[in-house]
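# Close look at the chain arrangement
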Amino acid sequence: MASRYYQEMQESFRGNNKSREFPAHTAKVHSVAWSCDGRRLASGSFDKTASVFLLEKDRLVKENNYRGHGDSVDQLCWHPTNPDLFVTASGDKTVRIWDVRTTKCIATVNTKGENINICWSPDGQTIAVGNKDDVVTFIDARSHRSRAEEQFKFEVNEISWSNDNDMFFLTNGNGCINILSYPELKPIQSINAHPSNCICIKFDPTGKHFATGSADALVSLWSVEELVSSEDHFIDIAEVETGEKLWEVQCDSPTFTVAWHPKRPLLAYACDDKEGKYDSNREAGTVKLFGLPNDS
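Let me begin by describing the structure that accompanies this report. Computed from a predicted structure; not experimentally measured.

Two aromatic rings, taken as a pair, are described by how far apart their centres are and by the angle between their planes. Scanning all chains against the criterion turns up eleven aromatic pairs. Look at tyrosine 66 and tryptophan 98: their rings are 5.5 Å apart centre to centre, the planes differ by 70°, and that puts the pair in the edge-to-face class. Of the two residues, tyrosine 66 sits in strand E5 (residues 59-66) while tryptophan 98 sits in strand E8 (residues 94-99), which places them 32 residues apart along the sequence. Given the relative accessible area of 1%, tyrosine 66 is considered buried. A relative accessible area of 3% places tryptophan 98 in the buried class. Arranged with centres 5.2 Å apart and planes meeting at 50°, the rings of tryptophan 78 and phenylalanine 86 form a pair that is tilted. Of the residues examined, tryptophan 78 reaches a relative accessible area of 7% and is grouped as buried. When its relative accessible area of 0% is taken as the criterion, phenylalanine 86 is described as buried.

Along strand E4 (residues 50-56), six of the seven residues are buried, which leaves the element largely enclosed by surrounding structure. Sheet topology note: the strand E3 (residues 40-45)/E4 ladder contains five bridges and is antiparallel. Residue pairing across strands places leucine 41 opposite phenylalanine 53, the latter belonging to E4. The hairpin turn running from E3 into E4, its antiparallel successor, is four residues long, and lysine 48 in that turn takes a positive phi close to 80°. Here seven bridges tie E4 to E5, and the two strands are oriented antiparallel to one another.

For the peptide bond that leads from tyrosine 182 to proline 183, omega is 15°, which places it in the cis range. With respect to the element layout, proline 183 can be found in the loop between strand E16 (176-181) and strand E17 (187-192). The phi dihedral of histidine 144 falls on the positive side, at around 65°, and the residue is not glycine. On the basis of relative accessibility, which here comes to 27%, the residue histidine 144 falls in the partly exposed class. The backbone phi angle of leucine 185 is positive, close to 60°, even though this residue is not glycine. Relative to the helices and strands, leucine 185 resides in the loop between E16 and E17.

Attention now moves to the sheet that holds strand E14 (residues 156-161). Spatially, the four strands line up as an open sheet ordered E14-E15-E16-E17, and their pairing is antiparallel. Either end of the sheet is taken by a strand with one partner, and the two such strands are E14 and E17. Put simply, the sheet's adjacent strands are angled 20° from each other on average, direction ignored. Bridge count for strand E15 (residues 167-172) against E16 is five bridges, and the pairing is antiparallel. Note that in E16 the partner of methionine 167 across the bridge is serine 181.

Conventions and cut-offs
Residues numbered from 1 in each chain as written. Predicted model: local features only at pLDDT ≥ 70, side-chain atom pairs only at ≥ 80, totals over all residues. Heavy atoms only, no water. Phe/Tyr/Trp six-rings, centres within 6.5 Å; stacked < 30°, edge-to-face > 60°. Helix = DSSP H or I, 4+ residues; strand = E, 2+ residues; numbered from the N terminus. Buried < 20%, exposed > 50% of the residue type's maximum accessible area, 1.4 Å probe, protein only. Pairing = 2+ DSSP bridges. Axes fitted to C-alpha atoms, helices over the stretch in contact; angles between N-to-C directions.

See the structure below:
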């Protein structure tokens, strides 16, 4: 018997299953993320820029484009409680903090390697950034100076704090989830989550559960209600308690990045889309929004 939540969400998506794409960049979009209040969506791209959109009813309106990085913006994230600040990680060996009120970079932090992943601690005090050499640097969000640096002996893919700020999680190339104490950074546990490269990790808003995604096209749900993207040409939205599929979002190409709106059943995502049928090499650089009313 399907739960009331399951039935309500299916009914919601029946009337709100339209997707719309919005021009964002001149090359592939690597990362999308919502601000904590859900008013803005940020995207980072191979074109070395970040873009910020305002959510106005059922459409995204571009507010600004943020330039300054000398290489691809591989990942970005917002401050956990301040909806005006976001941070970007780039292959140019820098981390940049931006303020949407001034549209300027308020801090540039030099790092030792080409950065590929980034997260902001739930208490807002620390930014962690990982590079291609599997070094994670912990940066004081106020002084913009390095607090600690940790070299790992395995491939580090994505990183995240627990919502209580007392544990630090890493997904690795061996299919494991490594859990460290924070701020001590002492190993607590290593979970064999997947038979293949463990790529991404995401905590639910309650902080009680998390989900991981892997190159084996499987999702490891650790008591969490979460969506996942893969190289299939669809996004699967499921209820964790039963494993039942709520909805399937069809895509024309593999999906790179997804982000739930913090307050509404709206999903931002970006795919490996190309620009038009006659130019198969040019990347579209669009972000997409799913969950819009069918009559919009």
